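# Fold and contact review
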Amino acid sequence: MKNNLLKVWRMLSIVLFTLWSGFHFFSLNVSAQPDNALVIVIDPGHGGEKEGAMYDGYMEKELTMTVARAMKEELEKYENVEVYLTRQGDQDMSIKDRAAFAGEKNADFLFCLHFNSSISHSLYGSEIWVPTEGVYYAKGYSFAQMELQALTELGIYPRGIKTRLNDRGENYYGILRYCTLEDIPAVLIEHCHMDHEKDKEFYQQGDEQLRELGRLDATVAAQYFQLKSEILGVDYGDYPVPETAIPKEIVRPDKSEPNLCKIEVEKADESTGEVSIYMEAEDEDSYILYYCYSTDGGNTYYPLEEWPRPDGWNRSAKSHSFQVTIPMGEEVELRAAAYNGFDVFAESNMITIGPFEEKEPKEPEKTPEGMQDAGEDFNHESSDSKNPDIEDSDIEDSDTENSNNKNAEAVENNSAKGERAVLENEAADRTHTLLAGSLIALIVIFIILLSYFMAKMIILLLRDNRKP
């Protein structure tokens, strides 16, 4: 009986030990893997034959790759996160395949990185495109607010957060459209415009500057997902993330032009041509992004300028004053234009300014010699001629004649004095010339005599040396 109990106990001990060992081994393997790890996919725009924008020798597909690698490297310093790139090098990859890759990785978010350009090369700044509907819009918009703020603090002009539809009413950008089908939130980041002078400083300073952009993107993503990194010594667990309501309908872009665009002259300096223009602009469905003006009635416009938005990227000021220089002697037809956040513009009324005549500075009048005496004689004679027996017409004729005679005499005197001054100047010039010529002659004679005496001295010395 005891033997049987001992056998049972031994078998039970083996079973319990086996179960404990298996459970311990399983728990070790599970703890080695992240618990519900966050999966992020980064998509460097373009690649292979799809070069993207090219400007000043820079190629968009290369810029996006540098930024993406830096973003991945930085994000991998955070805990409980897995990061993947859609492409590892310079290779072609369809938009659909990029979204499918993110789907295979069960991505929680996809960040598509780009640099921008415009057909007219007139636009500048950063913008972020988000999906048009549902939770994809809400998540994309919340992140985009944080990203746009970070790029603005870097100095890049914020163009805004936008949606765009194709002709079928779907997301215009394929990466957003296909990621939505894969049930993956996504955003498309246009860091800046490669083809505008105002934005070149943000990407043309070398690879380290591009890597800094990647680290900026990674930091914003870490803040959005409230990640922690012991390596970096940061914990964004309590970082405030803006909340965005889930829209019930498709969020459509604003295709209407601004509802207000008006200008008037505030003040003008006719002596310099500097004119201050007061401009009002408003868009009820969007915000005012740029303004520009024309001095030929709207046929051609000066470059786009930033419209003030003191209270946020999507809240523009209602008015703004700017300076215009009007060329002297020209009349201009001034017109302005206001652009909303989706680059739809409205033109203002037209106002005509000028011409401003350039005024020559007045010189004090000089009284010719003899003119004062003539004036005194004229006044004295006029007062004496007030004889009641003489008619006014006779007085006027006499006064005019006397005045003309006196003026003629003054002019003749001035002319004679002028001729005498010219003759005196000519005589002085001849005297100076004669003196200069005489001085030069004396110097030449002195040099000749000096040379003669030096030659004589040399001959005498040579003769003395020849004597025994």
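Note: the structure precedes this text.
The paragraphs below set out a description of the structure included in this document. (Residues numbered from 1 in each chain as written. Predicted model: local features only at pLDDT ≥ 70, side-chain atom pairs only at ≥ 80, totals over all residues. Heavy atoms only, no water.)

Spatial strand order, β4-β1-β5-β8-β6-β7: six strands in an open sheet with mixed pairing. The open sheet has two free edges, formed respectively by β4 (81-85) and β7 (158-162), since each of these has just one partner strand. Mean inter-strand twist for the sheet, computed between neighbouring axes without regard to direction, equals 15°. Bridge analysis of strand β1 (residues 38-44) against β4 gives five bridges, and the strand direction is parallel. The partner of Ile42 across the bridge, within β4, is Leu85. Lying on the sheet, helix α2 (residues 60-75) is in contact with β1, β4, β5 (109-116) and β8 (186-193); it crosses β5 at an angle near 145°. Here helix α3 (residues 95-104) sits on the sheet and contacts β1, β4 and β5; the angle it forms with β1, its principal contact strand, is near 165°. (Pairing = 2+ DSSP bridges. Helix = DSSP H or I, 4+ residues; strand = E, 2+ residues; numbered from the N terminus. Axes fitted to C-alpha atoms, helices over the stretch in contact; angles between N-to-C directions. Contact = heavy atoms within 4.5 Å.)

Tallying each qualifying case throughout the model produces 25 aromatic pairs. Measuring from ring centre to ring centre gives 6.0 Å for Tyr157 and Tyr290, while their planes differ by 35°; the resulting arrangement is tilted. Placement of Tyr157 in the loop between α4 (134-154) and β7 and of Tyr290 in strand β13 (residues 288-294) is noted, with a sequence separation of 133 residues between them. Across this residue pair, the class does not change: Tyr157 and Tyr290 are buried. Relative to Phe322, the ring of Tyr293 has its centre 5.4 Å away and its plane inclined at 20°; by these criteria the two rings are stacked. Taken together, the residues span a long stretch of sequence, with Tyr293 in strand β13 and Phe322 in strand β15 (residues 319-325) at a distance of 29 residues. Each of the two residues, Tyr293 as well as Phe322, counts as buried. Here the aromatic residues Phe109, Phe111, Phe143, Tyr224 and Phe225 are joined through ring pairs into a cluster of three or more. (Phe/Tyr/Trp six-rings, centres within 6.5 Å; stacked < 30°, edge-to-face > 60°. Buried < 20%, exposed > 50% of the residue type's maximum accessible area, 1.4 Å probe, protein only.)

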